[in-house]
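What the coordinates show
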Amino acid sequence: MKFVIPWAEVTWLERVSSPLMTEAIRISTRQRQREFSMFLNLDEAFGVIGQLVDIALRRLLDSEGLELDQTLQQPARITKRVLEEQALREYVLALFRLPRAEKLHEVASCSVWTPHARCHTAGTLYTTDSYLCFSSREEGSCLLLIPLSEVLSIEKAESTSPLPNPVIVSMRTKKAFQLIELQDRDELVESMNSRLRALQWKQSMFRRKKDGRRSVKSPTPYYTFYYDTGCSDEEEMEEQVLRNTVNSEALMTAFQHTQPGTNGNQSMEPVKERLWEDHFSEFGRGVHMFRTEKIQRLVAMGIPESLRGELWMMLSDASSELESHQGYYVSLVQKSMGHSNLATEEIERDLHRSLPDHPAFQNPTGIAALRRVLTAYAHRNPKIGYCQSMNILASVLLLYAKEEEAFWLLVAVCERMLPDYFNRRVIGAQVDQSVFEELIRERLPELAEQVPDLSTLSSVSLSWFLTLFLSVLPFHSAVCVVDCFFFQGIKHIFQLGLAVLEANSAQLSASTDDGQALMILTSFLDQVGNEESPCVPSSPPAAEESSGGDPEVPAVGHMNITDLITESFEKFGDLTVRQIERLRCLHRIQVLQAHEDTTKENTLRVLTADVSISPENLSDVYDLFKTEHFISLYWGDRSSAAAAEAAAWQYRDVSNRSFVERQYRLDRPQFKSLYALLAPWPGANQHTDTLANRTFTLLDPDRSNLVTFKEFASWLDTLYCEELNEKIRLLYRLHIPPALTESEDDPSLMKSPLVSTNRPLYVNLPSAVFPDVEEEVKDYQDQMKQMLQDLAKEKEKDAEKPLPLMNQREFIQFCKTLYSMFHGDPGENDLFQAIATVTSLVLQIGEVGHRGPSSGSEVSGREEAKAAGSKQLPAADAGTDGSLAADGEWTVSYAQILASLLTEQVLVNFFEKPVDLTAKIAEAKENQYQQRAGLLSVQQGTR
């Protein structure tokens, strides 16, 4: 047997076992499931399949999400080795929380001298564009992150028996790291030194520029963001004034004396500060500090407030970004001030909702700082812009870090530590909720058995992930969670979430509905306090009512945040970054496909009322339309990224466009390919291509070079479901401007479907990307009603518009089309005879100087058309052979052509004969991929 399963149609992957197949891989699509077994290496096969599906869906469905390597954008270049390298790179970026643009260069086994352990620790060295990274063999036991910007030199030392192949990495802080047992040491050191010299040269140029001695562009470590802060003398003065406006101290410094809970027991602060100072002396201080289990215990106790900002910057490595881009934040603030768009409007609405109980944000100073940070970030990254929960996070960052530091911490969280979380579709957060559900089933099986529908728990936990527990825990407890997050990343949020559910598993198992489960978790989290600042529940009345007034919700006792964090480490600390990344890859498939199902459902709901095509067929047509877009993305030419981006911005004004118009779009080559599959009438290939070009032009009135699914479905509905006069009307419109143009023979219109402009996917375009977009209607029912009304109005307006007259050249093209359509039909001889008779009849109808009163406008309806055709023809105006009068070019109307066609019953039968759309769709499904593969073979042969 032989079959094809496109990766884009896979909805779920899982490993299964049965009596017949002990180990198999089940691949699910929307239509069916298939199980494959007898693999030589099941783990490897499952990993490769998961990667390929993930890459395909991210390329095709998630144009707003994570960036992919250039190699992965070209499927023909993907090999098993490329997949292995990509998986390793994703793991390293997640483990060390590096910028997404970092490229992995070398991976080498080695040992690092660890002074705190007084021995060499074995592990793996990873080198990227800007970092040297080391991880011990046991993940998390010992991590070392060395930014190249802080490295002074990388040198080989003399090799001895105790120290084979040693390398010394000297830092600007006068510290040094010793690496031994490096294979291919010479090549490795040369490669690292080459990148180090390049980075040092960039830093030197940047410093010269800032000093005014030389004008050179600053480095651009992200390919999506640019850091040019060069400015004129006047702008330099403005920047200096603005720099004085930007807060140079953390807000907590100014508002500490009025901070809630500061009058409590603070005796632990000096103790924790002393413990951290001892730790620094033993493990180092800065980004390149050794990160071990000991620092994990210190972080669990809560970072002292005097060190919190510094350690957040160090643990997230936001400090390296700040150091490399001095003045960038001030420049962004300067550029973004005074600009008004949807993001700034949303920011203004949320400024006073961030931490309303904290005095720092009841004051103009704090509000202004929060506004500057959020607005600057929205200006830096319009792809994200501003999303809810960013205000809460930025508020807490401003309390403990300077304003510029808070900006870079926000960059680290949004772009590295929580990738794809903060956008309109929050794909990253939804993926992690799906991962969290699987971890519940795996780590808390008894709870999962008692609560079969885990989506309830994951919907509650969504806010935990989006706000890092800041919205659900008392303030002083929540910042301890943020401490752990900057040390461990998202791994800690998973661990803590599992610990919270386990602590409440008995009550959750006994709960009878979603509301009760929510109250159980809310009440528990309200009571999680901090030993230095007694817990003040965020909602005291609700807490009292739930604990004392409602017998169904058991009262919960006070729990210390340090104990809860320690418990999460002890019980779930074996969760690794590698496991999380593997689960993310798997569950991203399900989440993206669920978004696709929702998009399709909404689109069909709007269009079903506007067309006569059956819902089943319309659903299948939608799949064909989407698949054509995918095929072109896969096989098409992706070199013109700038053109694609320009096309995206061409649609920035989407506020006046209906929901359906913001879905998939096909460009001309893609449309022509699908036209050939679904056109109901046979015909010569060359003329079919010509008609496809004209149809595309007709369906693209705004000249965007893109056709929406609504327009495509309306065209198909006319051909298969409308009456004869509407079909003839469509054919008539295809042979007059704008469909028929003087430049129709332009080769650019006849290009192969393989050469596609590959516009990006237009699905629910985020308004943050397009500043001019109005806020979407929040009431979904009202929105749907408005969409249907708009569609009805458009159709009525189009139907009322009179059609222009058809001249000689256009009529000749019309006749050519009819002859082409009849070619291959079983009754083609009778059809040819009938069309010859109709042509002679139309040629006699009149010339431009003898127009009747109704010839300049459209006559709709079959009876009126017959009346128009039965009038006495002016025989004196035409020769017996159909030749034209010599006094000018003649014209005919749509009504006259329709009336003439109605005189021949064989033509009426041809156009009224029902065509089985279901069979046509089934045939198209069979041939869609083969058609493109055949065209590809032809093109490769011509090359």
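Residues numbered from 1 in each chain as written. Predicted model: local features only at pLDDT ≥ 70, side-chain atom pairs only at ≥ 80, totals over all residues. Heavy atoms only, no water.

Points about the overall build of the protein
As a reminder of what qualifies: The helix and strand labels rest on DSSP assignments: H or I over at least four residues marks a helix, E over at least two residues marks a strand, and numbering proceeds from the N terminus. In this scheme, a residue with accessible area under 20% of its type's maximum is buried, one over 50% is exposed, and one in between is partly exposed, where area comes from a 1.4 Å probe on protein chains only. In this analysis, two residues are considered to be in contact whenever any of their non-hydrogen atoms come within 4.5 Å of each other. We get accessible surface area from the Shrake-Rupley algorithm with a probe of 1.4 Å; when it comes to residues, only the shown protein chains can shield them.
Within the protein one finds 37 helices and 17 strands. Relative to its 943 residues, the protein shows a buried fraction of 54%. Across the protein, every contact between residues at least 6 apart in sequence was considered, and the portion connecting residues at least 24 apart equals 72%. When the accessible surface of the protein is summed, it comes to about 42400 Å², and 51% of that surface belongs to carbon and sulfur atoms.

Digging into helix α35 (residues 894-902)
Of all nine residues that make up α35, nine are buried, and the element is covered over most of its length. Taken residue by residue, α35 has Tyr 894, Ala 895, Gln 896, Ile 897, Leu 898, Ala 899, Ser 900, Leu 901 and Leu 902 as its buried positions.

Concerning the packing of helix α33 (residues 828-843) against helix α36 (residues 905-912)
Rules: Every angle, taken between N-to-C directions, lies between 0 and 180 degrees, and every axis is a line fitted to C-alpha atoms, over only the stretch in contact when it is a helix. Crossing handedness follows the turn of the near helix against the far one: under a right angle anticlockwise gives a left-handed crossing, and clockwise gives a right-handed one. Following the grouping adopted for this structure description, the nonpolar residues are Ala, Val, Leu, Ile, Met, Phe, Trp, Tyr, Cys and Pro, the charged ones are Asp, Glu, Lys and Arg, and the polar ones are all others, Gly among them.
The interhelical angle for the contact between α33 and α36, taken along N-to-C directions, is 115°, at an axis separation of 8 Å. Considering only the axes of α33 and α36, their crossing is left-handed. Of the residues in α36, those in contact with Asp 830, Leu 831, Ala 834, Ile 835 and Val 838 of α33 are Val 906, Leu 907 and Phe 910. Here the contact of α33 with α36 is built from residues that sort into seven nonpolar, no polar and one charged.

Considering the side chain of Glu 346
Structurally, the position occupied by Glu 346 is in helix α11 (residues 342-350). Assessed through its relative accessible area of 11%, Glu 346 is described here as buried. Once residues within four sequence positions are removed from consideration, Glu 346 is found in contact with Tyr 386 and Arg 424.

A short note on the sheet that holds strand β11 (residues 291-292)
Going by this rule: Pairing between two strands requires that DSSP report at least two bridges joining them.
Ordered in space as β8-β9-β10-β4-β5-β6-β7-β11, the eight strands form an open sheet in which the pairing is antiparallel. Two strands in the sheet have a free side with no partner beyond their single neighbour: β8 (151-156) and β11. Pairing of strand β5 (residues 119-128) with strand β6 (residues 131-136), which is carried by five bridges, proceeds in the antiparallel orientation. Each bridged residue has a counterpart across the sheet, and for Gly 123 the counterpart in β6 is Ser 136.

Describing the sheet that holds strand β3 (residues 33-37)
The three strands lie next to each other as β1-β2-β3, forming an open sheet whose pairing is antiparallel. Strand pairing shows two members of the sheet lacking a second neighbour, β1 (10-16) and β3, which therefore form its edges. On average, each strand axis in the sheet is tilted by 20° relative to the strand beside it, whichever way the strands run. Strand direction decides the pairing type here: β1 and strand β2 (residues 24-29), joined by six bridges, are antiparallel. Directly across from Val 16, in β2, lies its bridge partner Ala 24. With respect to the sheet, helix α1 (residues 42-60) is in contact with β1 and β2, its orientation differing from that of β1 by roughly 170°.

Points about the state of the cysteines
Using the following cut-off: A pair of sulfur atoms, both from cysteines and within 2.5 Å, is called a disulfide here.
Under the defined criterion, the tally for this structure stands at zero disulfides. A disulfide-free cysteine, Cys 142 has its sulfur positioned 9.1 Å from the sulfur of Cys 119, the nearest such atom. Among the residues examined, Cys 142 registers a relative accessible area of 3% and is labelled buried.

What to know about the packing of helix α10 (residues 328-336) against helix α14 (residues 403-417)
For the record, the criterion: The scheme is simple: roughly parallel for angles under 35 degrees, roughly antiparallel for over 145, roughly perpendicular for 65 to 115, oblique for anything else.
Direction vectors running N to C along α10 and α14 enclose 90°, while the axes themselves pass 10 Å from each other. Overall, the two elements α10 and α14 adopt an arrangement that is roughly perpendicular. Of α14, the residues touching α10 (which contributes Tyr 328, Tyr 329 and Leu 332) are Glu 403, Glu 404, Phe 407 and Trp 408. For the contact of α10 with α14, the class distribution of residues is five nonpolar, no polar and two charged.

Observations regarding the pairing of strand β9 (residues 167-171)
Regular strands place their side chains on alternate faces of the sheet. Burial runs high along β9: four of the five residues are buried. With five bridges connecting them, β8 and β9 associate as antiparallel partners. Note on β9: the bridge partner recorded for Ile 154 is Val 169. Note that β9 and strand β10 (residues 176-180) share four bridges and pair antiparallel. Bridge pairing links Val 169 to Phe 177 in β10.

Some words on the pairing of β3
Pairing analysis gives five bridges linking β2 to β3, with the strands arranged antiparallel. Across the sheet, the residue bridging to Ala 24 is Ser 37, located in β3. Remark: three residues form the turn of the hairpin made by β2 and β3, two consecutive strands paired antiparallel.

Concerning unusual backbone geometry
Going from Pro 737 to Pro 738, the amide bond is cis rather than trans, its omega being 5°. Turning to its location among the elements, Pro 738 is positioned in the loop between α30 (724-733) and α31 (780-800). The backbone phi angle of Asp 317 is positive, close to 60°, even though this residue is not glycine. Within the secondary structure, Asp 317 is located in the loop between α8 (305-316) and α9 (318-324). Residue Asn 705 is not a glycine yet carries a positive backbone phi of 60°.

Quick word on the side chain of Lys 600
Mapping Lys 600 onto the fold places it in helix α24 (residues 577-608). The class for Lys 600 is buried, based on a relative accessible area of 16%. Residues within four places of Lys 600 in sequence aside, it is in contact with Ser 619, Tyr 622 and Asp 623.

A look at the pattern of salt bridges
As a reminder of what qualifies: When a carboxyl oxygen of Asp or Glu lies within 4 Å of a side-chain nitrogen of Lys or Arg, that pair is called a salt bridge.
One pass over the structure, following the stated rule, counts 35 salt bridges. Here Lys 272 and Glu 269 are joined by a salt bridge, their closest N and O atoms 3.7 Å apart. Taken together, the residues Lys 272 and Glu 269, both in helix α6 (residues 268-283) and three residues apart, mark about one turn of the helix. Among the residues examined, Lys 272 registers a relative accessible area of 4% and is labelled buried. On the basis of relative accessibility, which here comes to 11%, the residue Glu 269 falls in the buried class. For Arg 371, the salt bridge goes to Glu 348, with nearest N and O atoms at 2.6 Å. Of this pair, Arg 371 sits in helix α12 (residues 364-380) while Glu 348 sits in helix α11; the two residues are 23 residues apart in sequence, bridging distant segments of the chain. A relative accessible area of 39% means that Glu 348 is categorised as partly exposed. Counted as one network, the salt bridges with shared partners bring together Asp 54, Arg 58, Glu 90, Arg 100 and Arg 588.

Overview of the packing of aromatic side chains
Let me state the cut-off plainly: Here a pair means two rings of Phe, Tyr or Trp (six-membered ring of Trp) with centres within 6.5 Å. Their orientation is stacked below 30 degrees between planes, edge-to-face above 60, and tilted elsewhere.
With the rule as written, the count across this model stands at 31 aromatic pairs. Centroid distance Phe 671 to Tyr 675: 6.1 Å. Interplanar angle 50°. Geometry classified as tilted. Pair noted here: Phe 671 and Tyr 675 are both in helix α27 (residues 668-678), with a separation of four residues, about one helical turn. Side by side, Phe 671 and Tyr 675 carry an identical accessibility label, which is buried.

Quick word on the environment of Arg 605
Along the chain, the position of Arg 605 falls in helix α24. Overall, Arg 605 belongs to the partly exposed group, its relative accessible area being 37%. Separated by 10 residues in sequence, Arg 605 and Pro 615 place their C-alpha atoms 9.1 Å apart.

Observations regarding helix α21 (residues 514-526)
Each α-helix winds once per 3.6 residues, and so residues spaced three or four apart point in a common direction. Cut-off, in case you're wondering: A helix is expected to span 1.5 Å for every residue after the first. By the criterion applied in these results, polar contacts are pairs of N or O atoms within 3.5 Å in which, for protein atoms, one can donate a hydrogen and the other can accept it, and in which residues neighboring in sequence qualify only through two side-chain atoms.
Relative to the 18 Å expected for 13 residues at 1.5 Å per residue, α21 spans 18 Å between its end C-alpha atoms, a close match to the ideal helical length. Three or more residues of α21 are buried, namely Gln 516, Ala 517, Ile 520, Leu 521, Ser 523, Phe 524, Leu 525 and Asp 526. If you check the start of α21, you find a side-chain oxygen 3.1 Å away from the backbone N of Gly 515, and it comes from Asp 513.

Remarks on the confidence of the model for the protein
Formally: The predictor reports its confidence for every residue as pLDDT, a score running from 0 up to 100.
Per-residue confidence for the protein gives a mean pLDDT of 79, with 75% of residues at or over 70. Of the regions scoring below 50 in pLDDT, residues 260-265 engages in 10 contacts with residues more than four places distant in sequence or in other chains. Contacts for the low-pLDDT stretch residues 847-887, under 50 throughout, to residues beyond four places or in other chains number 53 contacts.

So, the environment of Ala 448
When you line up the elements, Ala 448 lands in helix α16 (residues 445-450). For Ala 448, the residues in contact, after removing those within four places along its chain, are Ile 440, Arg 441 and Leu 454.

Quick look at the environment of Gly 50
Of note, Gly 50 is situated in helix α1. The spatial distance from the C-alpha of Gly 50 to the C-alpha of Leu 583 is 10.0 Å, given a sequence separation of 533 residues. Leaving out residues up to four positions away in the same chain, Gly 50 has contacts with Leu 13, Cys 585 and Ile 589.

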